[in-house]
Structure formats: structure tokens, C-alpha cells
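Fold and contact review
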Amino acid sequence: MTLATEMMDYALILAFVIVGLCQLMAMIRVVIGPDTGDRILALDTMVVNAIGLIVLMGLSQGTRIYFEVSLIIAMLGFVSTVAYARFVLRGDIIE
Amino acid sequence: MTYEIIAIYAVIFCLVVGSIFTLVGAIGLLKFNDSMTRLHAPTKVGTVGVGALLLASVIYNGVFNEGAIQELLIMGFLFVTAPISANFIAKVNMHRRACDAPPELPEGEQWATFDVPATDADISDPVIEKA
């Protein structure tokens, strides 16, 4: 039991580090992205990575109260991606 | 006792798989050299990456808390919305002429992405800016 829980602590730290690194990489793509599509895609990836980070935080604290947070962020991320794309495509969000 | 140990190893496996796929997606997003090519790398993050992390949370809460499969809602929502947003971003790339031009269509037809109403004609010609 102790070995398994110790390994899980290390796996959680590894996952935190890797997902945070991926968040930084997506942020670099937001900054250097040569075109608007790249920036929208990188922001979408950052939203998905944020969901992963929140799930990891709930897992490390052993609580379930972050479930609603990640669900709402998932919905808002999709809506904002579609809104950005529509704004570029049509010049307006709601016609 | 052994049941819980097996569950913890399953959680560890899911965490490692999820973080590896997330890393692969982020490296692809950063290293590919074309807008349309970059589009396909972060799909790994959206499906297997976060899916495995959510699965780890489901297993952990199912064994050590009173059970929670609501995380599967997030997984299903991401699976449903990822292709839609990818389609929108691809249309943005086509609209901004950030990729190769699509093939020519038969006479009198036009790609739906470039088919804008006359009232929106002032925005139909995007500014082409090369980095």
C-alpha cells in the first residue's frame, strides 16, 4: 500500500509538471503563432490543458468539488473557440 | 487491500499515459511548420490526454470516495466538441489563406467557406499578411 501510494504521488507530480509544460508550450504558440488560426488553436489547447490541470488538482487533494469547475470550463472553452472562429469568418458573432 | 493496490496502479497508468499524450500534442503544436498540419496535433490532448486523466480521477474516486462517474460527462463533451472546433479552425485557416488553396470546383460552384453574402462582401477579402 505504501509503495503504491508513494508511486502515485510521484506520478501526480510528473503529470503536473508535464501538463504545466504543455500549457507553457501552447502559450508560446499563442505568442508566436503566425496566423489567427494558430492562435485560436493554441487557446483551445490551453483550455483543454487547464481542464487536465484542474482534474489533477482534484485528484491530488482527494476531493470531488473541482468537477463542476472543469465541466464549466469545458463548455466555456468550446463556446469561446467557436466565437473566435465565427468572428474571424463572418466579422460578427451573432448575426 | 489488493483491490485498492490494483486500483492505484491503474490510476498511475492512466496518469502516465495521459501526460505522455498531452506532451506529444503540445510538442506537435509547437514544432509543426504548417497551419493545417498543426491542427491535428492537439487532438491527442483533447481525446486521449485529458481522457486518461479523467479516467484516473474516475477510478480513484470510485475506489476511495463514494464513486463518481460524472467525469465521463466532461470526456463525452470534449469528444463531441473537439471535431466541431477543429472544423471551425480549419475554416478560419482557409478563410485567411493560411494553407494551400482547395481544388477548383466545377463551373458555377464555390466552396462554402468562401461563399459570403453580398452584405458581408467588405470582410470577404482578408488581409494577407505573411510572417
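Everything discussed here concerns the structure shown above.
Quick caveat: nothing in here was measured; it's all calculated off a predicted structure.

Counting its secondary structure elements, chain B contains four helices and zero strands. Starting at the N terminus, the α and β elements of chain B follow one another as α-α-α-α. Taken over 131 residues, chain B has a buried fraction of 33%. Summarising the internal contacts of chain B: among those between residues at least 6 apart in sequence, 58% fall at separations of at least 24.

Membership of the largest hydrophobic core comes to 47 residues, with the highest contact counts inside it found for Ile51 of chain A together with Leu15, Leu53 and Ala56 of chain B. Mapped onto this core, the elements with two or more residues apiece are helix 1 (2-32), helix 2 (36-61) and helix 3 (67-90) of chain A together with helix 1 (2-31), helix 3 (43-64) and helix 4 (71-95) of chain B. It is helix 2 of chain A that provides the largest number of residues to this core, a total of 11 residues. Discounting chain neighbours no more than four positions away, the residues touching Leu53 of chain B are Gly52, Val55 and Leu56 of chain A together with Leu15 and Gly18 of chain B.

Every contact between the two is made by 49 residues of chain A and, on the other side, 53 residues of chain B. Listing elements by their share of the side of chain A that touches chain B, those giving two or more residues are helix 1, helix 2 and helix 3 of chain A. Ranked by the residues each element gives to the side of chain A that touches chain B, the list is headed by helix 2 of chain A, at 16 residues. Its residues assigned to classes, the side of chain A that touches chain B shows 32 nonpolar, 11 polar and six charged.

In this section: helix 1 of chain B. With 30 residues, helix 1 of chain B ought to run about 44 Å at 1.5 Å a step, and its terminal C-alpha atoms sit 43 Å apart, in line with that. Residues of helix 1 of chain B that are buried: Ile8, Val11, Ile12, Cys14, Leu15, Gly18, Ser19, Phe21, Thr22, Gly25, Ala26 and Leu29 of chain B. Its buried side turned inward, helix 1 of chain B meets helix 1 and helix 2 of chain A together with helix 2 (35-38) and helix 3 of chain B.

Another point: the packing of helix 2 of chain A against helix 3 of chain A. Residues and elements named next belong to chain A. Relative to each other, helix 2 and helix 3 sit at 180°, their axes nearing to 9 Å. Compared by their axis directions, helix 2 and helix 3 come out roughly antiparallel. Counted together, Thr36, Ile40, Asp44, Val47, Ala50, Ile51, Ile54, Val55 and Gly58 of helix 2 and Phe67, Val69, Ser70, Ile73, Ala74, Gly77, Thr81, Tyr84, Ala85 and Val88 of helix 3 form the full contact between these two elements. Residues that form the contact of helix 2 with helix 3 fall into these classes: 13 nonpolar, five polar and one charged.

Cut-offs applied
Residues numbered from 1 in each chain as written. Chains lettered and ligands numbered in written order. Predicted model: local features only at pLDDT ≥ 70, side-chain atom pairs only at ≥ 80, totals over all residues. Helix = DSSP H or I, 4+ residues; strand = E, 2+ residues; numbered from the N terminus. Buried ≥ 20, exposed ≤ 12 C-beta atoms within 10 Å, placed from the backbone. Contact = placed C-beta atoms within 7 Å. Core = buried A, V, L, I, M, F, W, Y, C linked by C-beta atoms within 7 Å. Nonpolar A, V, L, I, M, F, W, Y, C, P; charged D, E, K, R; others polar. Expected span 1.5 Å × (residues − 1). Axes fitted to C-alpha atoms, helices over the stretch in contact; angles between N-to-C directions. Parallel < 35°, antiparallel > 145°, perpendicular 65-115°, else oblique.

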